[in-house]
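Structural overview
Given next are the chains, with one letter for each unit.
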Amino acid sequence: MMVSLFSARNVLFISLCLFAALYRPVLSRPAKFADDFRITWSDTHITQIDGGRAIQLKLDPNSGCGFASKKQYLFGRVSMKIKLIPGDSAGTVAAFYMNSDTDSVRDELDFEFLGNRSGQPYTVQTNVFAHGKGDREQRVNLWFDPSRDFHEYAISWNHLRIVFYVDNIPIRVYKNNEARKVPYPRFQPMGVYSTLWEADDWATRGGIEKINWSGAPFYAYYKDFDIEGCSVPGPADCPANPKNWWEGSAYHQLSPVEARSYRWVRMNHMIYDYCTDRSRFPVPPPECSAGI
């Protein structure tokens, strides 16, 4: 199973690279962190390394930290390679997300990496907010140790769907179901954010496992920041341009290889899905029957 999965992943990766090489009408690929990002929280806890091509985030009893893109974007693809906190990381959360920076009508697309006790799987929680409506959490146990090396986490967002990827493997698909009166984020541009913070009231086993400050400071590392999308401010006609590569037919639905990988993740590593939580949703939300 693992051999076939990794073979499929390699095929998918090569295909995406070839496609991306042909279709890049809008491209921002910063060589260094400071080109497209800024520190938003606790600059003493973020250190640029490797000549600014990577950064170290620190969490200690005094503070966490965070950074954000200098611009907002409306549709496209964003990705980062992240190396998470090793060992006992219970009670910590590293987040990589997009946010419209609005209040009651905010749009947001979340990756949240929930810390663990040593030897337990790292859990990644995804969530989607559209027009202020959230509560769409899904959780997946990663099938590797994300603290031993860098792994790529990506969000692909177009008019038809949002896909969350881990190392080019789709772990979540959220389709545009406005025809079913389900809100979909397509009007507000969003910035790209990341934070490292304490959340031991909920992050690990629902808050049972508390943070062990004797192991502090905790470190996470980021590199290979990649944003490809329509920047705002920017050309007004960009978001509606059907020639943007992320709007192409290859990105209207998962490829057969992606679909197989997606089902493998869902069958073997998903531990929570709001769609099946009858205590919260006695009647499943309409988007839950939309498939991939």
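Going by the structure above, here's the rest.
All of the points below concern the structure found in this document.

About the thresholds
- Residues numbered from 1 in each chain as written.
- Predicted model: local features only at pLDDT ≥ 70, side-chain atom pairs only at ≥ 80, totals over all residues.
- Heavy atoms only, no water.
- Helix = DSSP H or I, 4+ residues; strand = E, 2+ residues; numbered from the N terminus.
- Disulfide = S-S within 2.5 Å.
- Buried < 20%, exposed > 50% of the residue type's maximum accessible area, 1.4 Å probe, protein only.
- Salt bridge = Lys/Arg side-chain N within 4 Å of Asp/Glu carboxyl O.
- Pairing = 2+ DSSP bridges.
- Axes fitted to C-alpha atoms, helices over the stretch in contact; angles between N-to-C directions.
- Polar contact = N/O pair within 3.5 Å; in protein donor to acceptor, adjacent residues only side chain to side chain.
- Expected span 1.5 Å × (residues − 1).
- Contact = heavy atoms within 4.5 Å.

Now for unusual backbone geometry. Omega for the peptide link from Ala-216 to Pro-217 comes to 0 degrees, which places this bond in the cis form. For the peptide bond that leads from Val-232 to Pro-233, omega is 5 degrees, which places it in the cis range. Examined against the element boundaries, Pro-233 turns out to sit in the loop between β14 (218-232) and α3 (256-268). Its identity as a non-glycine residue notwithstanding, Asp-135 has a phi of 60 degrees, on the positive side. Inspection of the secondary structure assignment puts Asp-135 in the loop between β8 (123-129) and β9 (138-141).

Throughout the structure, instances matching the rule amount to 2 disulfides. Residue pairing for Cys-230: its cysteine sulfur links by disulfide to Cys-238, the two sulfurs lying 2.0 Å apart. The chirality of the disulfide connecting Cys-230 with Cys-238 is left-handed, given an S-S dihedral of about -75 degrees. Across the pair, exposure class does not vary: Cys-230 and Cys-238 are buried alike. A sulfur-sulfur distance of 2.0 Å marks the disulfide that ties Cys-275 to Cys-288. Here the disulfide of Cys-275 and Cys-288 is left-handed, its torsion about the S-S bond being about -80 degrees. Separated by 13 residues along the polypeptide, Cys-275 in the segment after β15 (270-273) and Cys-288 in the segment after β15 bring together distant segments of the chain.

This paragraph deals with the pattern of salt bridges. Applying the stated criterion across every chain, the model contains 12 salt bridges. The shortest N-O distance in the salt bridge between Arg-117 and Asp-88 comes to 2.7 Å. One end of the pair, Arg-117, is in the loop between β7 (108-114) and β8; the other, Asp-88, is in the loop between β5 (72-83) and β6 (92-99), and 29 residues separate them in sequence. Judged by relative accessible area, which is 25%, Asp-88 ranks as partly exposed. A salt bridge links Glu-178 to Arg-186, with the nearest nitrogen and oxygen atoms 2.7 Å apart. Each of Lys-133, Asp-135, Glu-137 and Arg-280 takes part in one network of salt bridges that share partners.

Here we come to the sheet that holds β7. Taking strand neighbours across the sheet as the criterion, the 8 strands line up as β1-β4-β13-β6-β7-β8-β9-β15 in an open arrangement whose pairing is antiparallel. At either end of the open sheet lies a strand with only one pairing partner, and these are β1 (37-41) and β15. Averaged over all neighbouring strand pairs, the angle between strand axes comes to 15 degrees, with direction disregarded. Sheet analysis places β7 next to β8, joined by 7 bridges and oriented antiparallel. Each residue of the ladder has a partner; that of Glu-108, found in β8, is Phe-129.

Its location among the elements puts Glu-228 in strand β14. At 3.4 Å, the side chain of Glu-228 forms a polar contact with the side chain of Trp-245.

At 3.6 residues per turn, the α-helix brings residues three or four places apart onto the same side. Over its 13 residues, α3 runs 18 Å from end to end, which matches the ideal 18 Å to within 8%, given 1.5 Å per residue. The set of residues buried in α3 consists of Val-257, Glu-258, Ala-259, Ser-261, Tyr-262, Trp-264 and Val-265.

Of note, Gln-125 is situated in strand β8. Looking at Gln-125, its side chain comes within polar contact range of the side chain of Arg-139, at 2.6 Å. With residues near it in sequence (within four places) discarded, Gln-125 still touches Asp-110, Phe-111, Glu-112, Leu-114, Glu-137, Gln-138, Arg-139 and Trp-202.

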